[in-house]
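Architecture at a glance
Here are the chains, one letter per residue:
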Amino acid sequence: AQQETMLLYQQEKVNPLAGCLPILFQIPILYALTKVLTVSSELRQAPFFGWIHDLSAPDPTTFLNLFGLIPWDPGHTPLIGGFLGGFLHIGVWPLLYGFTQWLSTSMAPPASSDPSQKIVYQMMPIMFTFMMAQTPSGLLVYWAWSGALTVLQQYVIMHRAGAENPIDNLIAR
């Protein structure tokens with residue numbers, strides 16, 4: 001299958017690394033935004049929208065405090081606070097980020113027919129949700145909105161082309 005793909009690339013004169021080009025533009029923006037949010041003293045404690053009072057800090061909400069409804073920080077719990085405030089501290093913005101990534105990957109054509117690769121491809125948004133949960137909330141706002149715009153763009157393109165997509169399947173239920 002890979003030889004056929006490479007042959008198709010040669011026939012159509014397509015560079016297989018061209019798919020990496022958009023991420024090459026995003027990496028400097030991601031790095032700069034991370035540095036600005038973590039180093040800049042002007043943005044510390046700078047208010048944002050809703051529950052985000054500091055774009056340089058992780059999302060303060062978590063499912064353990066009912067997403068901010070209970071005034072309790074699980075990270076300050078004796079003995080298990082490090083565990084609750086670290087790995088399990090998943091707020092609203094990391095969940096939105098994970099949801100947009102899941103929608104984006106489910107709208108993309110399958111990369112391979114190998115079942116193990118399909119499982120890894122489906123697990124990536126979940127893994128990234130946990131990995132990005134402790135990053136600055138400003139970065140998560142950027143990535144979640146970027147993912148939402150990507151999903152919207154992909155939906156419009158697929159809808160105009162008449163292709164089946166998971167959003168229409170969800171709406172139909």
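Remember, it's a predicted structure, so these values are computed and weren't measured experimentally.

Turning to the overall build of the protein chain, a few remarks are in order. On a plain count of helices and strands, the protein chain comes out with seven helices and zero strands. Listing each helix as α and each strand as β along the protein chain from the N terminus yields α-α-α-α-α-α-α. Taking the principal axes of the C-alpha coordinates as reference, the protein chain spans close to 60 × 40 × 35 Å. When the 173 residues of the protein chain are sorted by exposure, 27% land in the buried category. Here the contacts in the protein chain between residues at least 6 apart in sequence split such that 62% fall between residues at least 24 apart. Surface accessibility of the protein chain: about 12000 Å² in total, with carbon and sulfur atoms responsible for 69%. Averaging the locations of the 6 positively and 9 negatively charged side chains of the protein chain gives two centres separated by 5 Å.

Further remarks concern a nonpolar patch on the surface. A surface patch of nonpolar side chains, amounting to about 1100 Å² of accessible area, comprises L79, I80, F83, F87, I119, M123, I126, M127, F128, F130 and M131. Per-element accounting of the nonpolar patch gives the leading share, seven residues, to helix α5 (residues 115–132). Mapping L79 onto the fold places it in the loop between α2 (21–39) and α3 (81–85).

Right, let's talk about the environment of C20 for a bit. Note on placement: C20 falls in the loop between α1 (2–12) and α2. The exposure class assigned to C20 is partly exposed, which follows from its relative accessible area of 40%. Between the C-alpha atoms of C20 and G81, which are 61 residues apart in sequence, the distance is 40 Å.

Attention shifts here to the packing of α2 against helix α6 (residues 137–161). For any two helices packed against each other, the geometry is given by the interaxial angle and the distance between the axes. Packing of α2 against α6 brings their axes to within 9 Å, and their N-to-C directions diverge by 150 degrees. One way to sum up the angle between α2 and α6 is to call them roughly antiparallel. Facing α2, whose interface residues are Q26, I29, L30, L33, T34 and L37, α6 presents G138, L139, Y142 and W143. Of the residues assigned to the contact of α2 with α6, the class counts are seven nonpolar, three polar and no charged.

Between helix α4 (residues 92–107) and α6, the least distance of the axes is 9 Å, while the angle of their chain directions is 25 degrees. The angle between the axes of α4 and α6 places the two elements in the roughly parallel class. For α4 against α6, the interelement crossing comes out left-handed. Between α4 and α6, the contacting residues are W93, P94, L96, Y97, T100, Q101, L103, S104 and M107 on the first element and L140, V141, W143, A144, W145, G147, A148, T150, V151, Q154, Y155 and M158 on the second. Its residues assigned to classes, the contact of α4 with α6 comprises 15 nonpolar, six polar and no charged.

Of all hydrophobic cores here, the largest spans 11 residues; its members are L37, I52, L55, W93, Y97, M132, L139, L140, V141, W143 and A144. Secondary-structure elements contributing two or more residues to this core are α4 and α6. Top contributing element to this core by residue count: α6, with five residues. Aside from chain neighbours lying at most four places away, what touches L55 is L37, L43, A46, F48, P136, S137 and G138. L103, M107, V151 and M158 belong to the second-largest nonpolar core, a separate cluster that totals six residues.

Position of H89 relative to the elements: it lies in the loop between α3 and α4. Since its relative accessible area comes to 6%, H89 is described here as buried. Among the polar contacts listed, one links the side chain of H89 to the backbone oxygen of D59, at a separation of 2.9 Å. Apart from residues lying up to four places away in sequence, H89 is in contact with D59, P60, T61, T62, D73, L84, A133 and Q134.

Reading the values: the criteria
- The residue numbers shown here count from 1 along each chain, following its written sequence.
- This being a predicted model, a pLDDT of at least 70 is required before a residue's local features are given, and a value of 80 or more before pairs of side-chain atoms are given or counted; all residues contribute to the totals for chains, interfaces and linings.
- Side-chain measures here rest on the full set of heavy atoms in the structure, leaving out hydrogens and waters.
- Put simply, DSSP marks the helices as runs of H or I at least four residues long and the strands as runs of E at least two long, and each gets a number from the N terminus on.
- Any residue under 20% of the maximum accessible area for its type is buried, any over 50% is exposed, and the rest in between are partly exposed; the area is computed with a 1.4 Å probe on protein chains only.
- Whether two residues touch is decided by their heavy atoms; if any such pair falls within 4.5 Å, the residues are in contact.
- Only the protein chains shown count as cover for residues, with accessible areas throughout obtained via the Shrake-Rupley method and a probe of 1.4 Å.
- Charge counting follows a simple rule: Lys and Arg are positive, Asp and Glu are negative, and His as well as the terminal groups are ignored.
- To locate a charge, take NZ of a lysine, CZ of an arginine, CG of an aspartate or CD of a glutamate.
- Each patch is built from residues that are more than 30% exposed by relative accessible area and take part in no salt bridge. Like charges join if they lie within 9 Å; nonpolar side chains (Val, Leu, Ile, Met, Phe, Trp, Tyr) join within 5 Å.
- Any carboxyl oxygen of Asp or Glu that lies within 4 Å of a side-chain nitrogen of Lys or Arg is treated as forming a salt bridge with it.
- Think of each axis as a best-fit line through the C-alpha atoms, taken over the contacting stretch in the case of a helix, with angles from 0 to 180 degrees between the N-to-C directions.
- Working rule for angles: under 35 degrees goes down as roughly parallel, over 145 as roughly antiparallel, 65 to 115 as roughly perpendicular, anything else as oblique.
- Note that Gly is not counted as nonpolar here; it falls among the polar residues with everything else outside the nonpolar set of Ala, Val, Leu, Ile, Met, Phe, Trp, Tyr, Cys and Pro and the charged set of Asp, Glu, Lys and Arg.
- Crossing handedness is read from the near helix: turned anticlockwise from the far helix by less than a right angle, it gives a left-handed crossing, and turned clockwise, a right-handed one.
- In plain words, nonpolar cores are sets of buried Ala, Val, Leu, Ile, Met, Phe, Trp, Tyr and Cys residues tied together by side-chain atoms within 4.5 Å.
- N or O atoms closer than or at 3.5 Å make up a polar contact, with two conditions inside protein: a donor-capable atom paired with an acceptor-capable one, and, for residues adjacent in sequence, both atoms drawn from side chains.

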